[in-house]
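Tertiary structure, described
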Amino acid sequence: MDDILGMGYEATALPLGEDAEGEVVATLVRRRAPEPGRGAVLYVHGFVDYFFQKHLADFYVERGFDFYALDLRKYGRSLLPHQTPNFIDSLTDYYPELDEAVRIIRADHDVLLLNGHSTGGLIAALWADRVKGQGLVQGVFLNSPFFDLNESAFMRAAGVALARSLARPRPLAKLPAALSQRYVHSIHRDHEGEWEFDLVWKPAAGFPVRAAWLAAIRRGQRRVHGGLGIDVPVLVMASAKTVKPKAGVDVTAADIVLDVEHIARWSSGLGPHVTLVRIDGGLHDLVLSAEPVRKRVFAELDRWTTAYLPT
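Everything numeric here is computed off the predicted structure, so don't read it as measured data.

Cut-offs applied
Residue positions are counted from 1 within each chain, in the order its sequence is given. Owing to the predicted nature of the model, reporting of local features is limited to residues with pLDDT of at least 70; listing and counting of side-chain atom pairs is limited to 80 or more, with chain, interface and lining totals taken over all residues. Neither water nor hydrogens contribute to the side-chain values; these are computed over all heavy atoms in the structure. We define the nonpolar core as a collection of buried residues of types Ala, Val, Leu, Ile, Met, Phe, Trp, Tyr and Cys that are connected through side-chain atoms lying within 4.5 Å of one another. Per-residue accessibility, obtained with a 1.4 Å probe over protein chains only, is compared with the maximum for each type, and a residue is labelled buried under 20%, exposed over 50%, and partly exposed between these values. Secondary structure is summarised from DSSP: a helix means a run of H or I of at least four residues, a strand means a run of E of at least two, and numbering begins at the N terminus for each. Residues are treated as being in contact if the distance between any of their heavy atoms lies within 4.5 Å. Ring pairs shown here join Phe, Tyr and Trp side chains whose ring centres sit within 6.5 Å, with only the six-membered ring taken for Trp; geometry is labelled stacked below 30 degrees between planes, edge-to-face above 60, and tilted in between. Here a polar contact means two N or O atoms within 3.5 Å. Within protein one must be a hydrogen donor candidate and the other an acceptor candidate, and residues neighboring in sequence count only if both atoms are side-chain atoms. In short, DSSP must find at least two bridges between two strands for them to pair. Consider the strands pointing away from the viewer: the crossover is right-handed when the path from the first strand over the helix to the second runs clockwise.

Moving on: the nonpolar core. Counting residues in each nonpolar core, the largest one holds 66 residues, and the members touching the most others are Leu 42, Leu 70, Leu 114, Leu 142, Trp 213, Ile 230 and Leu 270. Considering each element in turn, this core owes the most residues, eight residues, to helix H6 (residues 211–225). Not counting residues within four places of it along the chain, the set of residues in contact with Leu 142 comprises Gly 116, Gly 121, Ala 124, Ala 125, Phe 147, Val 234, Leu 235, Val 236, Met 237 and Leu 270. One finds Tyr 50, Phe 51, Ala 204 and Leu 283 within the second-largest nonpolar core, a separate group that totals 44 residues.

Here's what the structure looks like:
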């Protein structure tokens, strides 16, 4: 069926059975390139997010890639009225929709680039490691992947300990953690940014951080910290700096969500062939940065895909 993004975009619901809350679906969005080719891209969004970045699709289809984006279960297009937004208790819960999306894409394409942002970058890295040796993907691009918690060592330990203690008896317990509204304000056109997106699906204040969700994130991050074995070329991009979203601080040219030094530290262990690019002036979602900055992001991505993806 036609997608909310309009002409050229199609959306397909992927039924995923039921979980403790009831029916579960994911949504696969597609935009075809003007000329059929061998290559495709699968984009996986971040936390409190969904796919809306049409200019990212433009970049890929202009280079002959069919573009696909996956709204994961309980996010965006896939969020059903009976569900707790964004909630899972294991990152492996996302593997069925990734498996199905890749099955659909691979039926018509020989080359697949997996593109994950933030939490989607963490999920994509873990999934790519899981399917190594199967030839399902030929490259991985991670945009500011969520490889660690942006807190002091003490706060990380305390927060994770609390999440683990509550994960089984009270998995949906809300933790005393909140996202700064300044990130969404820095990108939405009604505030300091230039982008239009649904503030119900991507609210400025985010959604509550739940105990079992944080415990699941931390388990995934610790797997990354132990080293993965992704067997295809990996491109990781991150901003050149992180700033805290305090009053009076310019948040329009840095990552205010994650610590970019964490991203740089853990990227080297993803596999034997990793390229790390730091983007001066980049926001957390690098493709939403100011135009001169995102032009560099796309130039770096174009150079890397040309060099490393099969043609």
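Turning our attention to the packing of aromatic side chains. This model, assessed by the stated rule, comprises 12 aromatic pairs. Pairing Phe 59 with Phe 298 gives two aromatic rings, centres 4.9 Å apart and planes at 20°, and the pair type is stacked. Taken together, the residues Phe 59 in helix H1 (residues 54–61) and Phe 298 in helix H8 (residues 291–308) connect sequence positions 239 residues apart. For the pair Phe 59 and Phe 298, one class covers both residues: buried.

Once that is clear, we can look at the side chain of Lys 74. Within the secondary structure layout, Lys 74 lies in the loop between strand E4 (66–71) and helix H2 (95–106). At a separation of 2.8 Å, a polar atom in the side chain of Lys 74 contacts the side chain of Asp 19. Dropping the residues within four chain positions of it, Lys 74 is found in contact with Asp 19, Glu 21, Val 25, Leu 79, Gln 83, Thr 84, Pro 85, Asn 86 and Phe 87.

Moving on, we get to the side chain of Asp 148. Here Asp 148 lies in the loop between strand E6 (139–143) and helix H4 (153–167). Taking relative accessible area as the criterion, Asp 148 reaches 5% and is therefore assigned buried. Side chain to side chain, Asp 148 and Arg 218 meet in a polar contact 2.7 Å long. A polar side-chain atom of Asp 148 sits 3.1 Å from a polar atom in the side chain of Trp 266. If sequence neighbours within four positions are ignored, Asp 148 has contacts with Arg 156, Arg 218, Gln 221, His 225, Leu 258, His 262 and Trp 266.

Moving on, we come to the pairing of strand E8 (residues 274–279). Relative to E8, strand E7 (residues 234–239) runs parallel, the two being bridged by six bridges. By the bridge assignment for E8, Val 234 is matched with Val 274. For the handedness criterion, the β-α-β arrangement of E7, helix H7 (residues 260–267) and E8 is classed as right-handed.

To continue, consider unusual backbone geometry. With a phi close to 70°, Asn 86 is a non-glycine residue in the positive phi region. Tracing the chain through its elements places Asn 86 in the loop between E4 and H2. Judged by its relative accessible area of 3%, Asn 86 falls in the buried class. Of note, the phi angle at Ser 118 is positive, near 55°, even though the residue is not glycine. Here Ser 118 lies in the loop between strand E5 (111–117) and helix H3 (119–130).

Looking now at the pairing of strand E3 (residues 39–44). Counting buried positions over the six residues of E3 gives six, a clear majority of the element. Residues Gly 39, Val 41 and Tyr 43 point to one face of E3 and Ala 40, Leu 42 and Val 44 to the other, with burial holding for every one of them. Pairing between E3 and E5: six bridges, direction parallel. Across the sheet, the residue bridging to Tyr 43 is Asn 115, located in E5.

The subject of this paragraph is the environment of Ser 90. Mapped onto the elements, Ser 90 comes out in the loop between E4 and H2. Relative accessible area serves as the criterion here: at 18%, Ser 90 is assigned to the buried category. Placed 125 residues apart in sequence, Ser 90 and Ala 215 show a C-alpha to C-alpha distance of 8.2 Å. Beyond its immediate sequence surroundings of up to four residues, Ser 90 is in contact with Ala 216 and Arg 219. A distance of 2.7 Å separates polar atoms of two side chains, one belonging to Ser 90 and the other to Thr 92.

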